[in-house]
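Residues per chain, in single letters:
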Amino acid sequence: MAGKAAAPGTAVLLVTANVGSLFDDPENLQKNWLREFYQVVHMHKPHFMALHCQEFGGKNYEASMSHVDKFVKELLSSDAMKEYNRARVYLDENYKSQEHFTALGSFYFLHESLKNIYQFDFKAKKYKKVTGKEIYSDTLESTPMLEKEKFPQDYFPECKWSRKGFIRTRWCIADCAFDLVNIHLFHDASNLVAWETSPSVYSVVRHKALGYVLDRIIDQRFEKVSYFVFGDFNFRLDSKSVVETLCTKATMQTVRAADTNEVVKLIFRESDNDRKVVLQLEKKLFDYFNQEVFRDNNGTALLEFDKELSVFKDRLYELDISFPPSYPYSEESSQGEQYMNTRCPAWCDRILMSLSAKELVLRSESEEKVVTYDHIGRNVCMGDHKPVFLAFRIAPGAGKRCQRNERTLHRPPCSSILKLVLLTAASKTCPSTTC
């Protein structure tokens with residue numbers, strides 16, 4: 001049991017997972033995904049666990065609603081999670097609102113041995129004790145226990161249906177306050193455009209959006225606390241530098257569209273060796289002849305091209321990466337380690353933290369290693385993204401103490417209770433007096 005762990009402090013597990021693939025092919029992927037996730041929970045035995053999901057519900061949320069309910073029910077009621085007697089689930093299901101929809105899902109689980117856990121009410125500006133299991137969905141804009149924003153459309157105008165944004169919650173655990181931010185940043189729309197400049201135009205957009213979030217969570221509205229930002233940052237390797245390195249001895253052939261003269265394909269061939277094709281590059285094709293370079297030694301040789309976080313080196317910290325690029329993996333259930341040839345593999349899924357949170361994490365290090373930063377499902381198909389996790393312990397007395405309020409959380413809206421009842425197969429119905 002988590003409560004009987006030998007190491008001191010409060011065990012914390014943070015997980016980020018782009019789960020869009022799970023709802024496009026739920027029968028083949030969800031079972032394996034959940035099994036691998038539960039194994040990590042069992043191994044690290046957290047007292048407090050946060051699961052940040054992006055693209056929750058997949059590409060077509062309306063068609064996936066039944067799969068969404070099944071996934072949530074499984075997480076809340078499975079035997080693997082039976083010791084977690086309190087939970088908060090925030091699902092952005094308002095897919096009809098293009099102005100607000102982010103497809104983010106944030107799950108928080110509290111172990112039965114953990115006492116006196118508080119969550120911050122951003123409207124009342126007070127901490128409230130967490131009891132029971134509650135699900136909030138549909139319109140999260142009116143939920144005072146979080147802040148949610150979708151990035152303005154003009155951040156990424158060429159992507160008309162972008163869902164990118166963030167959800168922020170604040171917690172007080174072991175008398176230590178911190179923010180948890182679920183984030184999804186903009187992708188690379190075209191490999192050819194990403195290749196043109198260093199840094200790419202897409203990385204500039206991601207920098208702008210991430211800078212906005214960081215400014216938002218340390219503004220003057222609330223007391224400043226440590227924070228963890230984890231999600232699908234869509235950070236990519238510096239494409240121009242990667243291609244130049246992978247194709248050092250190759251010559252480039254440019255293929256243009258006959259009608260527009262637009263570049264539609266780049267072909268890199270070896271100068272000798274029968275002009276063997278090394279790399280083919282199209283808008284949504286990155287076909288390199290030797291995928292092992294991305295897997296050998298966990299792709300360490302490519303980390304020098306992972307540059308996007310350097311812009312924020314004075315504001316954000318990340319533990320050393322010792323796992324292969326987390327995207328884009330094959331969605332074929334039999335190809336757990338195979339990358340798709342649509343994009344250059346990259347570490348899109350990350351767990352970052354403020355400098356004060358860094359001290360919170362590293363303070364828990366002792367002779368016995370208790371901090372782990374890794375991915376989930378190395379040999380198993382988890383969809384096109386591998387989930388990434390950070391496990392650590394909050395040392396007794398660490399961090400900034402919270403000024404909390406002892407009241408319990410307000411009862412959620414009737415619709416939320418009804419949904420929770422259905423998901424957990426409970427026998428009670430929502431009392432009419434609360435509707």
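- In the nomenclature of an unreviewed UniProt entry, the protein chain corresponds to inositol-polyphosphate 5-phosphatase from the organism Heterocephalus glaber.
- Per UniProt, the comment on the protein chain under Sequence similarities (unreviewed entry) is "Belongs to the inositol 1,4,5-trisphosphate 5-phosphatase type I family."

Overview of the nonpolar core
Okay, so step 1: Ranked by size, the top nonpolar core spans 65 residues in total, and within it Leu14, Phe48, Leu180, Phe228 and Leu390 carry the most contacts.
Okay, so step 2: It is strand 18 (residues 388-394) that provides the largest number of residues to this core, a total of four residues.
Okay, so step 3: With residues up to four places along the chain from it excluded, the contact list for phenylalanine 228 reads Leu14, Phe178, Asp179, Leu180, Val181, Leu352, Met353, Ala357, Leu360, Val361, Leu390 and Phe392.
Okay, so step 4: Listed in part, the 39 residues of the second largest apolar core include Ala17, Leu51, Ala87 and Cys381.

A closer look at the confidence of the model for the protein chain
Okay, so step 1: Mean pLDDT over the protein chain works out to 89, with 89% of the residues at or above the 70 mark.
Okay, so step 2: This stretch, residues 406-411, has a pLDDT under 50; its non-local contacts, to residues over four places away or in other chains, come to 21 contacts.
Okay, so step 3: Overall, residues 424-435 carries pLDDT values under 50, and its contacts beyond four positions in sequence, including any with other chains, amount to 10 contacts.

Regarding the pairing of strand 1 (residues 10-18)
Okay, so step 1: Within strand 1, nine of the nine residues are buried, which leaves the element mostly enclosed by the surrounding structure.
Okay, so step 2: Burial of strand 1 is two-sided: the residues Thr10, Val12, Leu14, Thr16 and Asn18 facing one way and the residues Ala11, Leu13, Val15 and Ala17 facing the other way are all buried.
Okay, so step 3: Where strand 1 and strand 18 come together, seven bridges link them in antiparallel fashion. By the bridge assignment for strand 18, alanine 11 is matched with arginine 393.
Okay, so step 4: When strand 1 meets strand 2 (residues 48-54), the two strands line up parallel, connected through seven bridges.

As for the sheet that holds strand 4 (residues 105-111)
Okay, so step 1: Here we have seven strands laid out as an open sheet, ordered 7-3-4-2-1-18-17, and mixed in their pairing. The sheet terminates laterally at strand 7 (133-136) and strand 17 (372-375), the two strands that pair on one side only. Recorded for the sheet is a direction-independent mean angle of 10 degrees between the axes of neighbouring strands.
Okay, so step 2: Bridge count for strand 3 (residues 84-91) against strand 7 is four bridges, and the pairing is parallel. From the neighbouring strand, valine 89 faces strand 7, where its bridge partner is isoleucine 135.
Okay, so step 3: Along the sheet, helix 2 (residues 26-44) makes contact with strand 1, strand 2, strand 3, strand 17 and strand 18, crossing strand 1 at roughly 160 degrees.

Rules used throughout
- Residues numbered from 1 in each chain as written.
- Predicted model: local features only at pLDDT ≥ 70, side-chain atom pairs only at ≥ 80, totals over all residues.
- Heavy atoms only, no water.
- UniProt positions renumbered as here; feature names shortened; annotations may be inferred.
- Core = buried A, V, L, I, M, F, W, Y, C linked by side-chain atoms within 4.5 Å.
- Buried < 20%, exposed > 50% of the residue type's maximum accessible area, 1.4 Å probe, protein only.
- Helix = DSSP H or I, 4+ residues; strand = E, 2+ residues; numbered from the N terminus.
- Contact = heavy atoms within 4.5 Å.
- pLDDT = per-residue confidence, 0-100.
- Pairing = 2+ DSSP bridges.
- Axes fitted to C-alpha atoms, helices over the stretch in contact; angles between N-to-C directions.

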